[in-house]
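The residues making up each chain are set out below.
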Amino acid sequence: MNLINIPLLAFLSFASCTDSMNHDYRAKEIKNNESVVLSQNKYGYGIGDIATDFKLKNVDGRMVSLADYKEAKGFIVVFTATHCPFSKAYEDRINALDKKYKNKGFPVIAINPTNPAIYEEDSYENMQILAKKKGFTFPFLLDVGQKIYPQYGATNTPHFFVLEKTNQGNKVAYIGALDDNAQNPSAITKRYVEDAVDALLAGRQPKVTKTKAIGCGISR
Amino acid sequence: MMKQVLYGILMVLLATGCSSKKDNKTSTKTTARENNRSSLKSPLRTLKEKGVAIAVYDFESFKPFLHQKNDTVYVINFWATWCKPCVKELPGFENINKKYNDGKVKVLLVSMDFPNKIKSQLIPFIKKKGLKSQIIVLDEPDANSWIDKIDENWSGAVPATLIYNKQKRFFYPKPFTYNELETEINKLIITKN
């Protein structure tokens, strides 16, 4: 060994010294394609990103795009599945959300990201039945070919994205859960999506921009 | 001689720099863990139906399951009866539980089923499938308050699995095949020679 090796040694020792948990975790992630994308931080949108528009078939047979909503100030886009108990727990709340905010300029657009080949309950026909039974006041679209949800970065259902319409496009202002209690609506203490939309309506940016929630994973 | 001294100084500096960094990051956790002395807490309540008892925990009482310090490898799987990929991978966890019954590996299946579905859905499912691994329910409605404490990179989607021993822990936000699962577990089994 000569002196030239010292910096190399120092570097190697330092690298091995970083938190082994994180280090090992990244090593493991490489085995899983989805997680690799996550760790590169390229999966889905961050706050401030411009969300893509889409053209997806609604349960009423018509094609729906964000661009159709000329008067909207923004959108509450929710990825939600027909089969998922967490989505089911939120159906009435999503309906109430649309009723509350559609007239204020923030309509709900629901997208089912599930592959119906995996969950038959998520077929277009079953979506139609559910929308009718529940009296959905918002479009309920099927993400045919599962092309849209990965762009948004939805991971579970239901997964909410609040978008603010700006000159540059529909800017992501909030990503996460609707509230802090899936099981019991009467025990809710935090209404993340409503707080975010209220802030945008008041000309402010939301204070809480990202939350997490247990939900059904989206299978490909 | 000079080189050896340099190396010596370098190693000491690196070692101290390294340990102080770790201490800063984990000191509170370590203290809490030491106080726990790996002892598990009582569940909030236990529901019984058809001879099956299910213990229900909130996150606070569940937490010691995540930080046991002994020679066992802990395999903690987050699942639900309504989650198809979870149900599909369950036999793998059952096989591990059966094969490694010498105390080297402990499987814990943490169900995300809603508590009001325990008697009507979870217990009938357990009976139907004849599940033998330990199964508990985590009843912590404000998921945002605890998901990051399992792993910061977890979105909250199930299935997800945490595998750890007293030295290392790995988190897998994905379904497992049996072979993958066993391979990952074997990496953590502490062999005494």
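Starting from 1, residues in each chain are numbered consecutively following that chain's sequence as written. In the order they appear in the text, chains get letters beginning with A and ligands get numbers beginning with 1. Selection of residues for local features in this predicted model requires a pLDDT of at least 70, selection of side-chain atom pairs for listing and counting requires 80 or more, and totals for whole chains, interfaces and linings are taken over all residues.

Let's shift gears to the overall build of chain B. Within chain B, the secondary structure is distributed over six helices and eight strands. Each helix is a run of DSSP H or I of at least 4 residues and each strand a run of E of at least 2, with the numbering of both proceeding from the N terminus. Counting from the amino terminus, helix and strand elements in chain B follow one another as α-β-β-α-β-α-β-α-β-α-β-β-β-α. We call a residue exposed when 12 or fewer other C-beta atoms sit within 10 Å of its C-beta, buried when the count reaches 20 or more, and partly exposed for counts in between; the C-beta positions come from the backbone. A buried classification covers 33% of the 193 residues belonging to chain B. Across chain B, every contact between residues at least 6 apart in sequence was considered, and the portion connecting residues at least 24 apart equals 68%. We call two residues in contact when their backbone-placed C-beta atoms lie within 7 Å.

What follows is about the overall build of chain A. Helix and strand content of chain A: seven helices and ten strands. Scored against the burial criterion, the 220 residues of chain A give a buried share of 39%. Excluding contacts between residues fewer than 6 apart, the proportion of contacts in chain A whose partners are at least 24 apart in sequence is 72%.

Moving on, we get to the sheet that holds strand β3 (residues 73-79) of chain B. Think of a sheet as strands paired side by side through backbone hydrogen bonds, with each pair either parallel or antiparallel. Residue and element names in this part refer to chain B. Whether two strands pair comes down to DSSP finding at least two bridges between them. Read across the sheet, seven strands follow the order β1-β2-β5-β4-β3-β7-β8 without closing on themselves; strand pairing throughout is mixed. The two strands at the open ends of the sheet, each matched to only one other strand, are β1 (45-49) and β8 (169-172). Taking each pair of neighbouring strands and ignoring which way they run, the sheet shows an average axis angle of 25°. Pairing between strand β7 (residues 160-164) and β8: four bridges, direction antiparallel. For threonine 161, the partnering residue across the bridge sits in β8 and is tyrosine 172. Think of each axis as a best-fit line through the C-alpha atoms, taken over the contacting stretch in the case of a helix, with angles from 0 to 180 degrees between the N-to-C directions. Against the sheet, helix α4 (residues 118-129) makes contact with β1, β2 (52-57), β4 (105-111) and β5 (134-138), and its axis sits at roughly 125° relative to β2, the strand it touches most.

This part is about the sheet that holds strand β7 (residues 156-157) of chain A. The three strands lie next to each other as β7(A)-β10(A)-β6(B), forming an open sheet whose pairing is mixed. Where the open sheet ends on each side, the last strands, each with one partner, are β7 of chain A together with β6 (157-158) of chain B. Pairing of strand β10 (residues 215-217) of chain A with β6 of chain B, which is carried by two bridges, proceeds in the parallel orientation. From the neighbouring strand, cysteine 216 of chain A faces β6 of chain B, where its bridge partner is valine 158 of chain B.

When a protein is soluble and globular, its nonpolar side chains tend to lie buried together. For this entry, the nonpolar core is defined as buried Ala, Val, Leu, Ile, Met, Phe, Trp, Tyr and Cys residues connected by C-beta atoms within 7 Å. In this structure, Ile76, Val162 and Val193 of chain A together with Val75 of chain B are the most contacted members of the largest nonpolar core, which totals 98 residues. Examining the composition of this core, we find that six residues originate from one element, β3 of chain B, more than from any other. The residues contacting valine 75 of chain B, other than those within four sequence positions of it, are Phe93, Ile96, Val105, Lys106, Val107, Leu108, Thr161, Ile163 and Ile185 of chain B.

Residues and elements named next belong to chain B. Two elements in contact, helix α3 (residues 84-99) and helix α6 (residues 178-188), have axes separated by 9 Å at closest approach and are oriented at 45°. Looking at the two axes, α3 sits oblique to α6. In terms of crossing hand, the pair formed by α3 and α6 is right-handed. Here α3 contributes Gly92, Asn95 and Ile96 to the contact with α6, which in turn contributes Tyr178, Leu181, Glu182 and Ile185. Residues are grouped as follows: Ala, Val, Leu, Ile, Met, Phe, Trp, Tyr, Cys and Pro are nonpolar; Asp, Glu, Lys and Arg are charged; all remaining types, including Gly, are polar. Among the residues making up the contact of α3 with α6, the classes are represented as four nonpolar, two polar and one charged. Orientation labels follow simple angle bins: below 35 degrees gives roughly parallel, above 145 gives roughly antiparallel, 65 to 115 gives roughly perpendicular, and whatever is left gives oblique. Note: crossing handedness is left-handed where the near helix turns anticlockwise from the far helix by less than a right angle, and right-handed where it turns clockwise.

Here threonine 157 of chain A and proline 158 of chain A are connected by a cis peptide whose omega angle stands at -10°. Tracing the backbone shows proline 158 of chain A in the loop between β7 and β8 (159-166). At the junction of valine 158 of chain B and proline 159 of chain B, the peptide bond is cis and its omega measures out at 5° in the coordinates. Here proline 159 of chain B shows up in the loop between β6 and β7.

It is worth spelling out α3 of chain B at this point. Taking 1.5 Å of rise per residue, 16 residues should cover 22 Å, and α3 of chain B covers 24 Å from first to last C-alpha, within 8% of that figure. Along its buried surface, α3 of chain B packs onto β3, β4, α4, β6 and α6 of chain B. Expected helix span is computed as 1.5 Å times (number of residues minus one).

As a further point, take the confidence of the model for chain B. Any region with low pLDDT has predicted coordinates that should not be read closely. All names here are of chain B. The score called pLDDT rates the predictor's confidence residue by residue, from a low of 0 to a high of 100. Per-residue pLDDT for chain B averages 85, and the proportion of residues at 70 or more is 79%. Note that residues 10-37 has pLDDT below 50 and, in this model, twelve contacts with residues that lie over four places away or in other chains. Predicted complex, confidence summary: ipTM 0.76, pTM 0.79.

Attention shifts here to the environment of isoleucine 135 of chain B. Residues and elements named next belong to chain B. Looking at the secondary structure, you find isoleucine 135 in strand β5. Note on isoleucine 135: 22 C-beta atoms within 10 Å, which makes it buried. With 39 residues separating them along the chain, isoleucine 135 and isoleucine 96 place their C-alpha atoms 14 Å apart. When neighbours within four sequence positions are excluded, isoleucine 135 is seen to be in contact with Ile54, Leu109, Ser111 and Ile126.

To continue, consider the confidence of the model for chain A. With 81% of its residues at a pLDDT of 70 or more, chain A has an overall mean of 85. Below a pLDDT of 50 lies the segment residues 6-41 of chain A, which in the model reaches 31 contacts outside its immediate sequence neighbourhood of four places, other chains included.

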